[in-house]
Amino acid sequence: MKTVVPCYYHLDVEVSPERVDQVSRILAAHLRYWNLENLVEPVCHCAELLLRTIDDHATDKNTTLEMWWNGQHLITAIADIDGKSHPESATRGWLARVAALSDGWGCCATGDGGRIVWFSRRARAMERAPLVPTAPAPSLREARHAPRELPVPVLAAPVPEEPLVGAASE
């Protein structure tokens, strides 16, 4: 049985419209590196929704993003410091989309007045098939079979070696 090594990723970022796309590409690269290609689209979409909400509603744009992979569940958490933008005060559309794209989600307050929104996805790491080199195509010499029935002519007598002309003698 193949054991899975737990993985963790942490990113502190100041959210801006350009950074949302960059963070999405970074998350996708980590998920592919962890062999979780099937989670790239839903996880990146949920993270983009949360980051865009922070960009639109928060006054402090500094955000912490974390991902944990334990072999069965991927948990992604996005924390913001601004306590003014809570899920209850935000539009319910992004919460419904996060809930639809994840197996579970939640929100909790932090000690400094901020909040953490997390969501999880259940998955298994995809098995990578080892790359097997293909056999080279046979060349003309390898593909042509020599007839085995015909005898090979043998030379009647060995050819004597002749001394080289102009060779220096010792």
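Remember, predicted model here, so these are calculated numbers, not experimental data. (Residues numbered from 1 in each chain as written. Predicted model: local features only at pLDDT ≥ 70, side-chain atom pairs only at ≥ 80, totals over all residues. Heavy atoms only, no water.)

## Quick word on unusual backbone geometry
Selection rule: Numbering goes from the N terminus for both helices and strands, where a helix is a DSSP run of H or I of at least four residues and a strand is a run of E of at least two.
Not every positive phi belongs to a glycine, and Asn 35 is a case in point at roughly 65°. Along the polypeptide, Asn 35 turns up in the loop between helix H1 (17–33) and helix H2 (40–57).

## Re the pattern of salt bridges
The condition that has to hold: A pair is scored as a salt bridge if a Lys or Arg side-chain nitrogen falls within 4 Å of a carboxyl oxygen belonging to Asp or Glu. Think of it in three bands: with a 1.4 Å probe and only protein chains considered, a residue is buried below 20% of the maximum accessible area for its type, exposed above 50%, and partly exposed in between.
Tallied over the full model, the rule gives four salt bridges. Close ionic contact of Asp 21 with Arg 52 constitutes a salt bridge, the shortest N to O distance being 3.1 Å. With Asp 21 in helix H1 and Arg 52 in helix H2, this pair connects stretches of sequence that are 31 residues apart. Classification of Asp 21 as partly exposed rests on a relative accessible area of 34%. Between Asp 55 and Lys 61 there is a salt bridge, and its shortest N-O distance comes to 3.7 Å. On the accessibility criterion, Asp 55 (18% relative accessible area) is buried.

## Describing the nonpolar core
As a reminder, the rule being used: To define a nonpolar core, start from buried Ala, Val, Leu, Ile, Met, Phe, Trp, Tyr and Cys residues and group those joined through side-chain atoms within 4.5 Å.
Among the nonpolar cores identified, the biggest contains 34 residues, and Leu 27, Leu 31, Trp 34, Leu 65, Met 67 and Leu 74 are the most heavily contacted of them. Looking at this core, the elements with two or more residues in it are strand S1 (7–14), H1, H2, strand S2 (62–69), strand S3 (73–80), helix H3 (92–101) and strand S5 (115–122).

## Section: H1
Within an α-helix, residues lying three or four positions from one another point in the same direction, as the helix has 3.6 residues per turn. The following threshold applies: What a helix is expected to span follows from its residue count: subtract one and scale by 1.5 Å. The arc in question is the one spanned by the directions pointing from the helix axis to the C-beta atoms. We call two residues in contact whenever any of their non-hydrogen atoms come within 4.5 Å of each other.
Helix length check: H1 (17 residues) gives 25 Å between terminal C-alpha atoms against 24 Å at 1.5 Å per residue, within 8%. Val 20, Val 23, Ser 24, Leu 27, Ala 28 and Leu 31 are the residues of H1 that are buried. Projected down its long axis, H1 shows its buried positions confined to an angular sector of 140°, all on one face. When the buried face of H1 is taken as reference, the exposed residues oriented beyond 90 degrees from it are Glu 18, Arg 25 and Tyr 33. The inward-facing, buried residues of H1 abut S1, H2, S2 and S3. Among the residues trailing H1, Asn 35 stands out with phi positive, at a value near 65°.

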